[in-house]
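Commentary on secondary and tertiary structure
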Amino acid sequence: MYNDFCANFFGMIPFGGGFINLIIWVVIIGAVIFLLFNIFRSDRSTEDSDVRPGQRPLEILKRRYASGELSKEEYERMKNELR
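Residues numbered from 1 in each chain as written. Predicted model: local features only at pLDDT ≥ 70, side-chain atom pairs only at ≥ 80, totals over all residues. Heavy atoms only, no water.

**Observations regarding the confidence of the model for the protein**
Threshold: pLDDT expresses, on a scale from 0 to 100, how confident the predictor is about each individual residue. Where helices and strands are cited, they refer to DSSP runs of H or I of at least four residues and of E of at least two residues respectively, numbered from the N terminus.
The share of residues in the protein with pLDDT of 70 or more is 63%, and the mean pLDDT across the chain is 76. Across the protein, element-level confidence peaks in helix α4 (residues 72-82) with a mean pLDDT of 91 and bottoms out in helix α1 (residues 2-9) with 53.

Put into structure tokens, the structure is as follows:
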């Protein structure tokens with residue numbers, strides 16, 4: 001009787017039962033969910049992106065023109081396209 005209890009409680013039945021097996025599977029599934037969440041979240045946010053949260057396209061265009069990335073002609077053309 002004691003041996004049956006220990007075998008089931010400490011997870012000596014492979015993949016079939018036991019409290020330790022339950023904990024191991026919860027940790028594995030949690031790790032997979034955590035990794036998937038972080039992979040998909042990092043795809044959307046790149047460090048070198050010009051877009052910051054809450055910025056509108058015209059604000060980005062103005063900032064690029066002010067920093068010298070765009071000439072006046074490019075700025076005017078893109079501004080007209082955005083409107």
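**Thoughts on the pattern of salt bridges**
Worth spelling out the cut-off: Salt bridges are defined by distance alone: a side-chain nitrogen of Lys or Arg within 4 Å of a carboxyl oxygen of Asp or Glu. Under the scheme applied here, a residue whose accessible area is under 20% of the maximum for its type counts as buried, over 50% as exposed, and between as partly exposed, the area being computed with a 1.4 Å probe on protein chains only.
By the definition in use, this model includes three salt bridges. Across the pair Arg64 and Glu69 runs a salt bridge, and its minimum N-O distance is 3.0 Å. Residue class for Glu69 comes out partly exposed when judged on its relative accessible area of 44%. Here Arg77 makes a salt bridge to Glu81, at a shortest N to O gap of 3.2 Å. Of this pair, Arg77 and Glu81 both sit in helix α4, separated by four residues, roughly a single helical turn. According to the relative accessible area criterion, Glu81 is exposed, its value standing at 55%.

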